[in-house]
Amino acid sequence: HSKPVAARSAACRVIVHVDLDCFYAQVEMIRNPELRDKPLGVQQKYIVVTCNYEARKLGVKKLMSVKEAKEKCPQLILVNGEDLTPYREMSYKVTELLGEFCPLVERLGFDENFVDITETVEKRLNQLQQSGCSGVSVSGHVYNNQAIDLRDTAHLRLVIGSQIAQEFREAIYARLGLTGCAGVASNKLLSKLVSGTFKPNQQTVLLPESCPDLIRGLDHIQKLPGIGYKTTKRLETLGVRNVCDLQAFPSAVLEKELGVAVAQRIQKLSYGEDESPVTPSGPPQSFSDEDSFKKCSSEVEVKEKIEELLPNLLDRIYKDGRQPHTVRLTIRQFSSTEKWINRESRQCPIPPHLIQKFGKESSSVISPLVDILMKLFRKMIDVAQPFHLTLVSVCFSNLKDLPSSKKGSIGFYLKPMSPPSRSGKRVREVEDVSQGEGSASWNQNCNRTGTTKTRKLSEEQKSNRKQAGIPNLPFYLSPGDIDQEVFRELPEDIQKEILSGKT
């Protein structure tokens, strides 16, 4: 009895797969609107990792070498995409927005999300049935142009799902300026497969009767989500190259080769069966906001920009419920000579007495936070000299649940060194999120972006500090652990608290 019930509940599900169009390129066009309508590629090392549709029309493709892309399209504009921060931040904003519609949102990389809208569909279905189903129409395309039968509740649920998917896409565009595709189907596998049928900025609904056509249309088993590279290679040695081969392959032989669990799972996938739930992803690991502009060239203007960014950020943190323990300021200086836009960041711990006020007395923390951020600013910019900024960004990270440990623990202040990258060099900029495309591990903090210099106190500075009664940092608090200049500017009682906590 349990199997038919499970099958019925699975068939009743409505899942939306949202896939943002050329995501990195879109983020860059939002950051710099002048790039719109121009062929744009996002470069990492010597590869164009993605490009906008203007570039695609001229022959540029994803993962093409920079050299080949430039040969295909000499007018291609390249933006350095090695700093993933803006993409990560925008990615979380999308997930956060979708979460306002429905709690069951699962992230897949930076640019994809699954949303289980079954409950919302059921509510709307009940309302429709009470008022009559007249006037219900599908939003977007129907796979294979299959005829819709509104008397079939499976069809009707998916049609309602298409309307909700349309609402998702409209909200993402209205609030974040991003376009994307969507697939609407009865499970995660099918919604992902069908979402890319019509691109860009379109959506497709898959009715149950068209599922076999969609699955059989895959020309290689590796195009079936859930079958990885190694499994593909093992299947190929067994003579299994496409979905039809996998469907026809003897289950007993497959189970012997791959194990029962894997064999049964991938054979189910070959028939479009996927019972995996939409599992909500964890909360964001940072909150940030930024403002870009043509010119900002005075301390007063910088302070104003920071003051404008803080209220919205503090509101988002308050809604999240956790407390940040680190604040980072990022700036971008104008350069007419450098090929790549250069950002520079400094960060420091948030003093414990301010952390306690987050959420309760947010307005009272703005002024001291501005003071801290302006100190960070002065570490990057010599204000006695002319400067020209084109961006200011504030980020709160190292988010923790309300502390159970004693206030002012040393852990709030220490900044772990970034791990060596595969090349053996220190990672140039380490972000504070553990999940993300193309990154094996990301540490939580970085000291200064774009430099490997170690700051050391001069003998004169040490002498001055001794006269002032402020101890030098002990050997185990290296410059990589804590910013000495920021440490010196903290109140003396907090300095002692940090040192006593370590010793």
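About the cut-offs
- Residues numbered from 1 in each chain as written.
- Predicted model: local features only at pLDDT ≥ 70, side-chain atom pairs only at ≥ 80, totals over all residues.
- Heavy atoms only, no water.
- UniProt positions renumbered as here; feature names shortened; annotations may be inferred.
- pLDDT = per-residue confidence, 0-100.
- Contact = heavy atoms within 4.5 Å.
- Pairing = 2+ DSSP bridges.
- Helix = DSSP H or I, 4+ residues; strand = E, 2+ residues; numbered from the N terminus.
- Axes fitted to C-alpha atoms, helices over the stretch in contact; angles between N-to-C directions.
- Buried < 20%, exposed > 50% of the residue type's maximum accessible area, 1.4 Å probe, protein only.
- Lys, Arg positive; Asp, Glu negative; His and termini not counted.
- Salt bridge = Lys/Arg side-chain N within 4 Å of Asp/Glu carboxyl O.
- Polar contact = N/O pair within 3.5 Å; in protein donor to acceptor, adjacent residues only side chain to side chain.

As named in an unreviewed UniProt entry, the protein is DNA polymerase iota, taken from Balearica regulorum gibbericeps. Note on the protein: under the UniProt heading Subcellular location (unreviewed entry), the record states "Nucleus".

Caption draft 1: Geometry of the confidence of the model for the protein. Of all residues in the protein, 76% have pLDDT values of 70 or greater, and the mean over the chain is 80. Confidence drops under a pLDDT of 50 for residues 405-481, and excluding neighbours within four residues, the segment shows 150 contacts in the predicted structure.

Caption draft 2: View of the sheet that holds strand 8 (residues 141-142). Taken in spatial order, the 6 strands of this open sheet run 6-7-1-9-10-8, and their pairing is mixed. The open sheet is flanked by strand 6 (105-108) and strand 8, the only strands paired with a single partner. As paired elements, strand 1 (residues 15-20) and strand 9 (residues 180-185) share 6 bridges and run antiparallel to each other. When the bridges of strand 9 are listed, leucine 20 appears paired with glycine 180. With respect to the sheet, helix 7 (residues 153-176) is in contact with strand 1, strand 7 (112-116), strand 9 and strand 10 (203-205), its orientation differing from that of strand 9 by roughly 160 degrees.

Caption draft 3: Molecular detail of the pairing of strand 6. Strand direction decides the pairing type here: strand 6 and strand 7, joined by 4 bridges, are antiparallel. The residue bridging glutamate 106 from the neighbouring strand is phenylalanine 114, located in strand 7. Hairpin connection from strand 6 to strand 7: 3 residues lie between these consecutive antiparallel strands, with glycine 109 at a positive phi of about 70 degrees.

Caption draft 4: Examining the side chain of arginine 332 more closely. Tracing the chain through its elements places arginine 332 in strand 12 (residues 326-333). Notably, arginine 332 is buried but unbridged: the nearest opposite-charge side chain belongs to glutamate 290, and the N-O separation is 6.2 Å. Within the structure, arginine 332 has its side chain in polar contact with the side chain of threonine 390 (distance 2.8 Å).

Caption draft 5: Structural view of the sheet that holds strand 5 (residues 77-80). Pairing in this open sheet of 4 strands is mixed, and the strands run 4-3-2-5 from one edge to the other. Both outer strands of the open sheet, strand 4 (64-65) and strand 5, are each paired with one neighbouring strand and no more. The pairing of strand 3 (residues 47-51) with strand 4 spans 2 bridges and is classified as antiparallel. Directly across from isoleucine 47, in strand 4, lies its bridge partner serine 65. Helix 2 (residues 23-31) rests against strand 2 (40-44), strand 3 and strand 5 of the sheet, and its axis sits at about 110 degrees to strand 2.

Caption draft 6: Structural detail: the side chain of asparagine 398. Within the secondary structure, asparagine 398 is located in the loop between strand 14 (389-397) and helix 17 (459-467). Look at asparagine 398 and you get buried, because its relative accessible area is 7%. A polar contact is formed between the side chain of asparagine 398 and the side chain of threonine 326, at a distance of 3.5 Å.

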